[in-house]
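Overview (structure and organization)
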Amino acid sequence: MLDYLMERGIGLDTAHVHCSEVHYRVANKFYFAIGFRNDAGGWELRNRYFKGCTSKAPTIRRSDYPTCLIFEGFMDYLSFLTLKRNPTPPHNVVVLNSVTNLAKAVPFIASHERVYTYLDNDEAGRKATTELKEACRNLSDQSVHYRPHNDLNDYLRSHRPVKGHKQSHGCKL
């Protein structure tokens with residue numbers, strides 16, 4: 001699992017704070033994956049060969065901050081934390097775990113003074129950003145900072161390649 005996280009460019013210290021190794025069984029076969037807990041008490045699961053979940057729900061990190069950061073998936077959230085070199089940012093955070101969970105999170109998101117979105121640069125991400133702009137009074141779309149990459153993790157990997165490759169120092173996020 002550590003190799004998978006390193007391939008994705010994720011800082012291991014950050015992953016240890018926010019993720020767990022989850023062992024599970026399907027049809028009497030045993031598997032394991034990186035797990036990220038969601039608000040339904042389930043897990044978002046990722047490994048080199050599988051992307052899935054035990055239940056579909058967003059993950060909301062609540063505190064008394066006036067700002068809220070929105071991510072489409074937990075790899076993008078971990079990418080942000082890795083880029084910022086800060087495993088506990090001073091913001092409330094919503095990881096949608098799928099744009100289909102947007103409606104569940106909008107009331108919480110809209111209650112903030114400032115909202116920063118880090119959604120994918122694809123049709124679904126743009127549509128979700130448009131919906132959030134209608135619900136939030138002060139939204140800043142951060143996806144412009146990692147174009148032409150599809151998402152924040154692709155951006156991270158392009159700026160922090162796997163060991164053995166030349167590292168770029170042009171990271172602005």
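Here's a quick rundown of the structure.

Rules of the game
Residues numbered from 1 in each chain as written. Predicted model: local features only at pLDDT ≥ 70, side-chain atom pairs only at ≥ 80, totals over all residues. Heavy atoms only, no water. Helix = DSSP H or I, 4+ residues; strand = E, 2+ residues; numbered from the N terminus. Core = buried A, V, L, I, M, F, W, Y, C linked by side-chain atoms within 4.5 Å. Buried < 20%, exposed > 50% of the residue type's maximum accessible area, 1.4 Å probe, protein only. Contact = heavy atoms within 4.5 Å. Phe/Tyr/Trp six-rings, centres within 6.5 Å; stacked < 30°, edge-to-face > 60°. Lys NZ or Arg CZ within 6 Å of the ring centre and 35° of its normal. Pairing = 2+ DSSP bridges. Axes fitted to C-alpha atoms, helices over the stretch in contact; angles between N-to-C directions. Salt bridge = Lys/Arg side-chain N within 4 Å of Asp/Glu carboxyl O.

You can see Leu152 is positioned in helix H6 (residues 152-159). When the C-alpha positions of Leu152 and Phe80 are compared, they lie 7.1 Å apart, and in sequence the two are 72 residues distant.

Grouped together as the largest cluster of nonpolar side chains are 23 residues, with contacts concentrated most on Phe71, Phe74 and Leu152. If sequence neighbours within four positions are ignored, Phe71 has contacts with Asp76, Tyr77, Phe80, Val93, Val94, Val95, Leu96, Tyr118, Leu119 and Leu152. Ranked by size, the runner-up nonpolar core spans 15 residues in total, among them Ile70, Phe108, Val115 and Leu119.

A word on the packing of aromatic side chains. The tally for this structure, following the rule as stated, stands at eight aromatic pairs. Between Tyr24 and Phe50, the ring centres sit 6.0 Å apart and the planes meet at 40 degrees, which makes this aromatic pair tilted. Taken together, the residues span a long stretch of sequence, with Tyr24 in strand E1 (residues 20-26) and Phe50 in strand E4 (residues 50-53) at a distance of 26 residues. Through successive ring pairs, a cluster of aromatic residues spans Phe36, Phe71, Phe74, Tyr77, Phe80 and Tyr118. The ring of Phe108 carries the charged tip of Arg62 above its face, separated from the ring centre by 5.0 Å.

Strand order in the open sheet made by the five strands is E5-E7-E6-E8-E9, with mixed pairing throughout. Sheet topology places strand E5 (59-61) and strand E9 (139-141) at the edges, where each strand pairs with a single neighbour. Pairs of neighbouring strands in the sheet enclose a mean axial angle of 15 degrees, with direction left out of account. The pairing of strand E6 (residues 67-71) with strand E8 (residues 114-118) spans five bridges and is parallel. Across the sheet, residue Ile70 finds its bridge partner in E8, namely Thr117. Against the sheet, helix H5 (residues 123-135) engages E6, E8 and E9, with an angle of about 160 degrees to E9.

A few words on the pattern of salt bridges. In the structure shown here, the tally under the stated rule is three salt bridges. Of the charged contacts, one joins Arg48 and Glu7 as a salt bridge, the two residues approaching to 2.4 Å between their closest N and O atoms. Of this pair, Arg48 sits in the loop between strand E3 (43-47) and E4 while Glu7 is found in helix H1 (residues 2-7), placing the two residues 41 residues apart along the sequence. Since its relative accessible area comes to 34%, Glu7 is described here as partly exposed. A salt bridge links Glu44 to Lys56; the shortest N-O distance between them is 3.2 Å. Residue Glu44 is found in strand E3, and its partner Lys56 is found in the loop between E4 and E5; the two are separated by 12 residues along the sequence. Lys56 gets classed as partly exposed once you look at its relative accessible area, which sits at 37%.

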